[in-house]
Amino acid sequence: MTNGRREPAPFRIGVVADDLTGALDAGAGFAKAGMRVRVPLGPVGVPLPRHAIADADVIVINTASREGTAEDAHALARAATLSLLRSGVTLLYKKVDSVLRGHPGPELAGMLSPLPPGTRALVAPAFPAQGRVTVGGVQLIHGTPAPMYGGRLRDAFVDAAAACDFHDAVDETALREIAEQGVDDGVRVWVGTAGLAAELVPALIEKGLHFSGHEGESDEVGPWHEGRSVVVVAGSVHPTTVAQVAALAETGVPHLAIDPQSPATWPSEDDLVHAMVSGPCIVSTHSGLPTGELPSEWVAGAAELLNRVAAAVGRAIAHSSPPALVVTGGETAQILFRRISAVAIDVAGEVLPGIPNGSVSIGSITVPIVTKSGGFGAPGDLIEICRAAPE
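Let me begin by describing the structure that accompanies this report. Positions within a chain are numbered from 1, following the residues in the order the chain's sequence is written. A pLDDT threshold of at least 70 governs which residues receive local features in this predicted model, and a stricter bar of 80 or more applies before side-chain atom pairs are shown or counted, although totals over entire chains, interfaces and linings include all residues. As a rule here, side-chain values come from all non-hydrogen atoms in the structure, and water together with hydrogens is ignored.

1. Re the nonpolar core
Right, so step 1: By nonpolar core we mean a set of buried residues, namely Ala, Val, Leu, Ile, Met, Phe, Trp, Tyr and Cys, connected to one another through side-chain atoms within 4.5 Å. Exposure is judged per residue with a 1.4 Å probe applied to protein chains only, and the accessible area is read against the type maximum: over 50% gives exposed, under 20% gives buried, and values in between give partly exposed. Ranked by size, the top nonpolar core spans 68 residues in total, and within it F30, M276 and F337 carry the most contacts.
Right, so step 2: Under the scheme used here, helices are H or I runs from DSSP no shorter than 4 residues and strands are E runs no shorter than 2 residues, and both carry numbers assigned from the N terminus. In terms of residues, this core owes the most to one element, helix α10 (residues 296–317), which gives eight residues.
Right, so step 3: The contact criterion used throughout is that any non-hydrogen atoms of two residues lie within 4.5 Å. When near neighbours in sequence (up to four residues on either side) are disregarded, F337 contacts L20, L41, V327, A342, I345, V360, I369 and T371.
Right, so step 4: L48, A56, A80 and A109 belong to the second largest nonpolar core, which has 28 residues in total.

Written out as C-alpha cells, the structure is:
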C-alpha cells in the first residue's frame, strides 16, 4: 500500500515450449528485459510448488513433446496451460520452433482448449537474429522456406488456424510493432520464438503493467561461467553443432569424441569425471555419425552413452572444482538435467543471440549453464561462448 492506494497485482507470464533448449531460448527473451524467469523441471501437469515459483515473473514449462505424437502434444500442452493458469499467469506464450518442427498446431489447440470460447492467438514466429523471417505467411530460413509444411504457417497451425492472427516480420522493428499493437489490443495468447518474446516485455511495461521482479535491463556483472572451466556436452547430431564442435576442438580444447556404436571404446565414468574437473573439455556423442536417417541401434547407443556422460556430469559438479556446462540439443539437455536430478533452471539472458545462459539447481548446488539448440548459430559460436574461461 502506497499513499493509501493499493499497488497493482504483479503481472505473470506463462510459457509452454516443446523442448528444453526452446524453453530456455524463449525464457532468455524475457530475461533480457529484466524478468525473473524460472523453468521448473518436474512432470507436466503436476501443480507447481508455490515456493518454487513465488518470485518468478515468467514460468516456462517444457512439455518435451516435439518427438511424440500429435495427440500427446495436444494433451501435454493443455495440462501445462492448466498448471500455469492455476499458478496465476495473466498472459500465455506458446514458444514454437523457428523452423516449425514438432506439433505447433495441436499444441496451440491444446493451450486454447481451457480458455474462454473466442480467445484468439497472435502468431509471429520470426527470429531475425537467427535468419528466420516470415513473408507472406511463409517462414523462411535464410531466404528458403522452412522444410516443415513448406514454411506455410496456416498449414503448420491448421488445428488452431481459425483462432490465429498470423503476422509477417523481417526484422526486430516489425516484431516490436507487432508486440506493441498486440498489447494495445489486449492479446492474451501469443505464439512465437525468442524474437517476439524479447519485444513483448518492453511493450507490456510501456503499457504500465507491473512485474514483481522487474528492475529493467542490467549490465552484465561478469562472465556467464563465473570463472570456472567449461565442459561442453554435445549430443546434437545437427551439422551446425558438429561443425561448431570441430571448430572449438581446433583451438586446442581437449575433445572426447565418442562413438555410440562402439561401447568397448567408451571412456569409463571415472575417466569422464577426471576430464571434466581437470580443465575445459568437449564430450561429444556423435562420433561415427552415419549419413542419412539414423538407425535405431545408433539412437539406442547414443541414449545409453548419454546416460554415462550425465552420471559423470553429476559427479563433476559435486567436485571441489566444479565446471560450468554448455549443453547442445534439447533432448540432450532434457536427459542430462533429469539424470542429475536438477530441480529448476533460472534463465539469466543470452551469451549470443538465440543461445541462453542461466543456472541450474541440483540440491544445494548451483551450476552456471549455457544451452544451445542443435541447429542454431555460426561455426565459431562455441569458441565465443567458451572465450575467456580458465584454462
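Here the narrative resumes, following the displayed structure.
2. Looking at the packing of aromatic side chains
Right, so step 1: We call Phe, Tyr and Trp rings a pair once their centres come within 6.5 Å, taking the six-membered ring for Trp, and we label the pair stacked below 30 degrees between planes, edge-to-face above 60, and tilted otherwise. The full count for this structure, using the stated rule, is three aromatic pairs.
Right, so step 2: Consider the rings of F30 and Y93, whose centres lie 5.5 Å apart with planes at 85 degrees: the pair is edge-to-face. Taken together, the residues span a long stretch of sequence, with F30 in helix α1 (residues 20–31) and Y93 in strand β4 (residues 91–95) at a distance of 63 residues.
Right, so step 3: The class of Y93 is buried, set by a relative accessible area of 0%.
Right, so step 4: Here the aromatic rings of F127 and F376 are separated by 5.8 Å at their centres, their planes lie at 70 degrees, and the arrangement is edge-to-face. Of the two residues, F127 is situated in the loop between β5 (121–124) and β6 (132–135) and F376 in the loop between β17 (365–372) and α12 (381–386); the sequence distance between them amounts to 249 residues.

3. Quick look at the pattern of salt bridges
Side-chain pairs of opposite charge can arise whenever the charged atoms involved come near each other.
Right, so step 1: Definition used for salt bridges: Asp or Glu carboxyl oxygen within 4 Å of a side-chain nitrogen of Lys or Arg. Evaluation of the coordinates by the stated rule reveals 16 salt bridges.
Right, so step 2: A salt bridge links D155 to R152; the shortest N-O distance between them is 2.5 Å.
Right, so step 3: Judged by its relative accessible area of 34%, D155 is partly exposed.
Right, so step 4: Ionic pairing is found between E199 and R176, a salt bridge with its closest N-O pair at 3.1 Å. Of this pair, E199 sits in helix α7 (residues 194–206) while R176 sits in helix α6 (residues 172–184), and the two are 23 residues apart along the sequence.
Right, so step 5: Accessibility expressed as a relative area gives 35% for R176, which makes it partly exposed.
Right, so step 6: The network of salt bridges with shared partners includes D18, D19, R66, D97 and R101.

4. Some details on α7
Right, so step 1: For a helix, the expected span equals 1.5 Å multiplied by the residue count minus one. The end-to-end C-alpha distance of α7, which contains 13 residues, comes to 19 Å, matching closely the 18 Å that a straight helix rising 1.5 Å per residue would cover.
Right, so step 2: Among the 13 residues of α7, ten are classified as buried, and the element is accordingly described as predominantly covered.
Right, so step 3: Of all the positions in α7, only A194, G195, L196, A197, A198, E199, L200, V201, A203 and L204 are classed as buried.
Right, so step 4: Any N or O atom pair separated by 3.5 Å or less is treated as a polar contact, with the protein-specific requirement of one donor-capable and one acceptor-capable atom, and with residues adjacent in sequence counted only for side-chain atom pairs. With a side-chain oxygen lying 3.1 Å from the backbone nitrogen of G195, the N-terminal cap of α7 falls on T193.
Right, so step 5: Note on α7: the residue one or two positions beyond its end, G208, has a positive phi of about 100 degrees.

5. Quick word on the state of the cysteines
Right, so step 1: Whenever a pair of cysteine sulfur atoms sits within 2.5 Å, that pair is classed as a disulfide. For the coordinates displayed, the defined rule picks out zero disulfides.
Right, so step 2: A disulfide-free cysteine, C281 has its sulfur positioned 10.0 Å from the sulfur of C386, the nearest such atom.
Right, so step 3: Look at C281 and you get buried, because its relative accessible area is 3%.

6. Overview of the pairing of strand β1 (residues 13–17)
On a regular strand, one side chain projects to one face of the sheet and the next to the other, so that they alternate.
Right, so step 1: The buried count for β1 comes to five of five residues, which makes it a mostly enclosed element.
Right, so step 2: Residues of β1 alternate between two faces, with I13, V15 and A17 on one and G14 and V16 on the opposite face, all of them buried.
Right, so step 3: Between any two strands, pairing holds if DSSP finds at least two bridges. As paired elements, β1 and strand β3 (residues 58–62) share five bridges and run parallel to each other. Each bridged residue has a counterpart across the sheet, and for V16 the counterpart in β3 is I61.

7. Let's talk about the sheet that holds strand β8 (residues 144–145)
Right, so step 1: Ordered by their spatial adjacency, three strands build an open sheet running β6-β7-β8, and the pairing between neighbours is antiparallel. Where the open sheet ends on each side, the last strands, each with one partner, are β6 and β8.
Right, so step 2: Pairing of β6 with strand β7 (residues 138–141) involves four bridges; the strand directions are antiparallel. Bridge pairing links V135 to V138 in β7.

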